[in-house]
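The residues making up each chain are set out below.
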Amino acid sequence: MTTNHPGHYGGPQPDPRVLMEAGANPTWFGRVDPRNYQPAPGTPGGVPGQPWLPPLPAPRRRTTGTLPLLIAGAILAFASLLLIVPFLLGNTGAAGLGIGFMVSLLPLSAVLLTVSFIDRWEPEPKRLLAFAFTWGAAVSIAGTLLIQPLFAAVAPRTSEADFRFFMATVEAPVVEEFTKSLGLLLLLLAARKYFDGPVDGVVFAFTIAGGFAFTENILYFGREIAGSADPGTDLVRIFILRGIMSPFAHAIFTGTTGLIMGFAARKWHAGYSVLAFFVGLLPAMFLHNRWNSMGGDFLVQYILVQFPIFLAAAVGIILLRLAESKLTRQRLLEYARAGWFSPVEVDMLATGRGRRQAIRWAQGRGREPQMRQFVRAATALACTRQRILSGRDVEQHQADEFHQLGEVSALRAAVLG
């Protein structure tokens with residue numbers, strides 16, 4: 001880059017490949033093409049802990065941002081409920097619907113608590129998480145109900161068992177994963193500022209899948225209440241199967257799509273996003289198929305196959321969290337070398353332990369809200385730097401960067417009083 005952008009000094013900049021710092025590619029999580037490398041904006045003298053705010057570019061013209069996505073999502077969700085609620089009532093009755101709704105909150109809580117844990121490092125906007133949940137709970141369910149008859153029309157009719165097996169192992173994996181993941185694609189295309197890595201993909205995918213499983217559980221639990229001679233016993237049986245043994249099944253299926261789309265999001269290219277959508281559907285459909293194909297040897301397959309898959313998913317999530325913290329550290333270190341943070345601040349901001357200690361310190365001085373905002377702002381700044389280094393929309397993200405640097409400086413002053 002050879003522009004005299006505010007915060008860079010000495011005229012035209014050298015080749016970024018020469019300036020690229022050691023450790024700029026800390027893990028496979030956020031690798032940078034050396035040709036896209038941009039040095040962090042400097043401070044006079046580069047004195048750590050004494051940042052200087054360069055002249056800020058004029059604020060960009062306001063845009064509608066994610067508002068069209070949210071409005072469209074709300075309209076689709078409302079229209080979907082007009083189809084879903086009569087369908088649920090017809091299959092469960094009013095009592096079954098009410099009890100099913102209440103019982104379904106338990107496995108949903110487990111999924112959403114997991115989402116909260118995964119999303120703790122760099123929380124996604126609540127409005128987008130709400131969109132993801134309503135997409136899964138309403139829009140994807142309605143889409144499934146509308147597409148399902150097409151598969152039923154071509155399903156084998158040799159026997160009831162063959163028909164049910166086809167619908168469970170072909171129709172359900174294909175249609176359900178497609179309708180759920182379509183919400184991921186919309187988020188990636190319409191809210192790409194907030195969907196720029198594998199952790200974001202998993203968070204949105206788990207939220208969509210949690211919503212889908214919530215509505216599906218209402219159907220299954222409510223149907224046991226409505227159609228069983230011993231509803232209490234049958235409800236407990238189906239709850240153990242769906243609420244205890246497999247509350248994360250849908251989340252893991254769709255989570256593989258979200259993971260792949262999250263890696264593609266690093267490219268910041270619409271074509272890669274659409275390609276990742278179709279590629280990501282393949283493992284999701286396969287895992288869904290394998291789950292629905294378990295028959296008489298269900299318990300054996302659950303122990304030998306499905307449970308290890310759940311464990312692998314848990315390990316993968318932990319590794320993603322670790323990689324995310326390493327990436328945050330590296331990007332903040334680059335700002336520290338330019339004079340925006342001290343090494344102590346980087347250690348505090350880039351580790352869970354450091355953040356907890358900082359919050360406790362701030363609590364004792366009545367400045368906990370300011371410290372939490374400082375941590376969030378610094379994390380957002382590190383993510384913005386990663387977007388700059390992706391090589392796409394660089395000027396837009398550099399404008400964001402300079403305003404965020406000002407915000408971080410102001411919040412530091414508020415924390416220190």
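You'll find the structure just up there.
We now turn to the structure provided with this report. Here the structure is a predicted model, which means the values were calculated and not measured.

Another point: the overall build of the protein chain. When its secondary structure is counted, the protein chain shows 13 helices and zero strands. If you list the helices and strands of the protein chain from N to C, you get α-α-α-α-α-α-α-α-α-α-α-α-α. The burial tally for the protein chain puts 49% of its 417 residues in the buried class. Within the protein chain, counting contacts between residues at least 6 apart in sequence, those at least 24 apart form 77% of the total. In the form shown here, the protein chain has an accessible surface area of approximately 19,600 Å², with 66% of it arising from carbon and sulfur atoms.

A cluster of basic residues, Arg120, Arg353, Arg356 and Arg360, forms a positive patch on the protein surface. Turning to its location among the elements, Arg353 is positioned in helix H11 (residues 352–363). The class of Arg353 is exposed, set by a relative accessible area of 59%.

Attention now moves to a nonpolar patch on the surface. Together, Leu299, Val300, Ile303, Leu304 and Val305 line one region of the surface with nonpolar side chains, adding up to about 480 Å² of accessible area. Within the secondary structure, Leu304 sits in helix H9 (residues 298–337).

Moving on, we get to the packing of helix H5 (residues 198–227) against H9. One can describe the packing of H5 onto H9 by two numbers: an axis separation of 10 Å at closest approach and a directional angle of 140°. In terms of orientation, H5 and H9 fall into the oblique class. Judged by the sense of rotation from one axis to the other, the crossing of H5 with H9 is left-handed. Judged by residue contacts, Pro198, Val199, Val202 and Phe206 of H5 engage Ile317, Leu320 and Glu324 from H9. Partitioned by chemical class, the residues of the contact of H5 with H9 number six nonpolar, no polar and one charged.

On to the nonpolar core, then. Counting 47 residues, the largest nonpolar core has Leu187, Phe195, Phe204 and Met261 as the members making the most contacts within it. If you list the elements that add at least two residues to this core, you get helix H2 (67–118), helix H3 (126–154), helix H4 (160–190), H5, helix H7 (249–265), helix H8 (270–293) and H9. Residues contacting Phe195, with those up to four places away along its chain left out, are Leu184, Leu187, Leu188, Asp200, Gly201, Phe204, Met261, Gly262 and Ala265. Among the nonpolar cores identified, the runner-up in size contains 25 residues, and Ala336, Phe341, Ala362 and Ala378 belong to it.

Computed from the structure, the largest pocket encloses a volume of approximately 1,200 Å³. Lining the largest pocket are 40 residues, with Ala168, Glu176, Glu216, Tyr220 and Arg223 sitting closest to its centre. Broken down by element, the lining of the largest pocket gets its largest block of residues, nine residues, from H4. Its residues assigned to classes, the lining of the largest pocket shows 22 nonpolar, eleven polar and seven charged.

Among the structural elements, Thr256 can be located in helix H7. Judged by its relative accessible area of 18%, Thr256 is buried. Beyond its immediate sequence surroundings of up to four residues, Thr256 is in contact with Gly280, Pro283, Ala284 and Leu287.

Before going further, it helps to spend a moment on the packing of aromatic side chains. In this structure the tally under the stated criterion is twelve aromatic pairs. In this structure, Lys180 is placed above the aromatic ring of Phe212, and the distance from its NZ or CZ to the ring centre is 5.2 Å. The ring of Phe117 carries Arg321 above its face, with NZ or CZ at 4.8 Å from the centroid.

The next point concerns H5. With 30 residues, H5 extends 42 Å from end C-alpha to end C-alpha; this agrees with the ideal 44 Å at 1.5 Å per step. Burial runs high along H5: 25 of the 30 residues are buried.

Quick look at the pattern of salt bridges now. Enumeration over the complete set of coordinates arrives at eleven salt bridges. Here Asp347 makes a salt bridge to Arg329, at a shortest N to O gap of 2.9 Å. Of the two residues, Asp347 is situated in helix H10 (residues 343–349) and Arg329 in helix H9; the sequence distance between them amounts to 18 residues. Asp347 sits in the partly exposed class, given a relative accessible area of 40%. Among the charged side chains, a network of salt bridges with common partners joins Glu224, Asp234 and Arg237.

What follows is about the side chain of Ser246. Take Ser246: it is sitting in the loop between helix H6 (231–244) and H7. Contact partners of Ser246, with chain neighbours within four places excluded, come to Leu241 and Trp291.

Rules used throughout
Residues numbered from 1 in each chain as written. Predicted model: local features only at pLDDT ≥ 70, side-chain atom pairs only at ≥ 80, totals over all residues. Heavy atoms only, no water. Helix = DSSP H or I, 4+ residues; strand = E, 2+ residues; numbered from the N terminus. Buried < 20%, exposed > 50% of the residue type's maximum accessible area, 1.4 Å probe, protein only. Contact = heavy atoms within 4.5 Å. Areas by Shrake-Rupley, 256 points an atom, 1.4 Å probe, with all protein chains shown as cover. Patch = residues over 30% accessible without salt bridge, like charges linked within 9 Å, V, L, I, M, F, W, Y side chains within 5 Å. Salt bridge = Lys/Arg side-chain N within 4 Å of Asp/Glu carboxyl O. Lys, Arg positive; Asp, Glu negative; His and termini not counted. Charge placed at Lys NZ, Arg CZ, Asp CG, Glu CD. Axes fitted to C-alpha atoms, helices over the stretch in contact; angles between N-to-C directions. Parallel < 35°, antiparallel > 145°, perpendicular 65-115°, else oblique. Left-handed = near helix turned anticlockwise from the far one by under 90°. Nonpolar A, V, L, I, M, F, W, Y, C, P; charged D, E, K, R; others polar. Core = buried A, V, L, I, M, F, W, Y, C linked by side-chain atoms within 4.5 Å. 1 Å grid on protein atoms, 1.4 Å probe; cavity = no way out; pocket = protein on both sides within 12 Å on 5 of 7 lines; lining within 4 Å. Points joined across faces, edges and corners; volume = space filled by probe spheres on them. Phe/Tyr/Trp six-rings, centres within 6.5 Å; stacked < 30°, edge-to-face > 60°. Lys NZ or Arg CZ within 6 Å of the ring centre and 35° of its normal. Expected span 1.5 Å × (residues − 1).

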